[in-house]
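Structural description and commentary
Next come the chains, spelled out residue by residue.
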Amino acid sequence: MGTSALGVLLLALAVSANAAIEVRDDLGESVRLSQAARRVVTLAPSTTELVAELAPQALVGVDSASDYPASVGTLPRVGRYDGANVEAVLALRPDLVVAWSGEAMARSLAQLKAQGVAVFVSRPGNPDEVADNLRRLGKLLGRSSRAEARAAQLQSRYVALKATYRGRLRVPVMLEISRRPLMTVSNQDFLGRAIGDCGGINVFGDVVAPYPLVSVESVLARAPALIISTAADPDWQHWTRYPGLPAVIHGQLKILDDDRLLRPGPRLVDGVAALCAVIEAARPAGK
């Protein structure tokens, strides 16, 4: 091979290397593709929504809980919260798998990586982190311009939402995540801090654990004026038996069964807006 031909070959190799796409996921792991992903499997509802926001046509498989947007309803179901059907995922020939990884899912993702599948672990916890996920996934999907626009819009909407409720009368709030066991959120978790962004006071905000298990006695002691349950059909009788509880006195036992609030995806700000509306309705008029 002559010097000129060798130079051309080296240049081509350099161009090819530079064309590769590389980002880091939320675990700090490198995710590298030779070209933009065209076939994507998602293994959590939040990751399905993230990919669908940018490149819905790229989705070829989802987990069993994904139900938004409606178009994913016809896609193969290849995973659950506790793991993926690795064989079924591989049969879909994905360029990229996007997953929320807890301990239960980690084994499946390790098996997929061992088979050469690129895996992006997504674990955003607030609107800024959702926006950052959109930007990185936008690179992997060849949708950087769309991702930047959607991310900037999401962040600006959240800034505006917080400004709307800044200075309002602070309402003491408890967010009931589950009844048995009785679980709430502290300000270590975004949902707890979102209460404050809506002009509320998270009565368990100072607890160290993000999702503390609490006693009825501690709820009575902290005296929330508003209790919001994320269950579709909560049993309010366990609170109405305490007539001295401010939330009971004022009839402020409310339901907010809204996936947008519980999924860290592109609709998270809409979910927080719904939370703010519940808190606003509990606030005395003009306050």
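First, a word on what this report is: a plain description of the structure on this page. The shown structure was predicted, so the numbers you read here are calculated from the model rather than taken from an experiment.

1. A look at the environment of Val72
Checked against the element boundaries, Val72 lands in the loop between strand 4 (59–61) and strand 5 (79–80). Sequence spacing of Val72 and Trp239 is 167 residues, and the spatial spacing of their C-alpha atoms is 39 Å. If we skip the residues at most four places from it in the chain, Val72 touches Thr48, Leu59, Val62, Ser66, Asp67 and Arg77.

2. Re the layout of surface pockets
Roughly 510 Å³ of internal volume is contained in the largest pocket. Trp100, Tyr211, Leu262, Arg263 and Pro264 are the residues nearest the centre of the largest pocket, which is lined by 19 residues in total. Looking at the lining of the largest pocket, the elements with two or more residues in it are helix 2 (45–54), helix 7 (190–197) and helix 11 (259–262). Of the residues belonging to the lining of the largest pocket, the class tally is 13 nonpolar, four polar and two charged.

3. Things to note about the nonpolar core
Membership of the largest hydrophobic core comes to 56 residues, with the highest contact counts inside it found for Leu96, Leu140, Ile228, Val272, Leu275 and Ile279. Sorting elements by how many residues they give to this core places helix 12 (residues 268–282) first, with nine residues. Discounting chain neighbours no more than four positions away, the residues touching Ile279 are Val171, Val173, Ile195, Cys198, Gly200, Leu226 and Ile228. Val41, Val89, Leu109 and Val119 belong to the second largest nonpolar core, which has 16 residues in total.

4. Some details on the sheet that holds strand 9 (residues 171–176)
The pairing of strands in a sheet happens through backbone hydrogen bonds and is either parallel or antiparallel. The strand order 10-9-11-12 describes an open sheet built from four strands, whose pairing is parallel. The sheet terminates laterally at strand 10 (200–202) and strand 12 (253–255), the two strands that pair on one side only. Each strand of the sheet is rotated relative to its neighbour by a mean of 35 degrees, with strand direction disregarded. Note that strand 11 (residues 226–229) and strand 12 share three bridges and pair parallel. Of the residues in strand 12, the one forming a bridge with Ile227 is Leu253. Contacts between helix 7 and the sheet are confined to strand 9 and strand 10, with strand 10 contributing the most and set at about 150 degrees to the helix. Contacts between helix 12 and the sheet are confined to strand 9, strand 10, strand 11 and strand 12, with strand 11 contributing the most and set at about 150 degrees to the helix.

5. Details of the pattern of salt bridges
The final tally for this structure, using the stated rule, is 15 salt bridges. Arg157 serves as the salt-bridge partner of Asp270, at 2.6 Å between the closest nitrogen and oxygen. Taken together, the positions of Asp270 in helix 12 and Arg157 in helix 6 (residues 144–165) put the pair 113 residues apart, joining distant regions of the chain. The partly exposed category is assigned to Arg157, whose relative accessible area is 36%. The closest approach of N and O atoms between Arg168 and Glu280, which form a salt bridge, is 2.8 Å. Pair noted here: Arg168 is in the loop between helix 6 and strand 9 and Glu280 is in helix 12, with a separation of 112 residues, a long-range link. Given a relative accessible area of 27%, Arg168 falls into the partly exposed group. Salt bridges linked by common partners bring Glu49, Asp67, Asp259, Arg263 and Arg267 together as one network.

Conventions we followed
- Residues numbered from 1 in each chain as written.
- Predicted model: local features only at pLDDT ≥ 70, side-chain atom pairs only at ≥ 80, totals over all residues.
- Heavy atoms only, no water.
- Helix = DSSP H or I, 4+ residues; strand = E, 2+ residues; numbered from the N terminus.
- Contact = heavy atoms within 4.5 Å.
- 1 Å grid on protein atoms, 1.4 Å probe; cavity = no way out; pocket = protein on both sides within 12 Å on 5 of 7 lines; lining within 4 Å.
- Points joined across faces, edges and corners; volume = space filled by probe spheres on them.
- Nonpolar A, V, L, I, M, F, W, Y, C, P; charged D, E, K, R; others polar.
- Core = buried A, V, L, I, M, F, W, Y, C linked by side-chain atoms within 4.5 Å.
- Buried < 20%, exposed > 50% of the residue type's maximum accessible area, 1.4 Å probe, protein only.
- Pairing = 2+ DSSP bridges.
- Axes fitted to C-alpha atoms, helices over the stretch in contact; angles between N-to-C directions.
- Salt bridge = Lys/Arg side-chain N within 4 Å of Asp/Glu carboxyl O.

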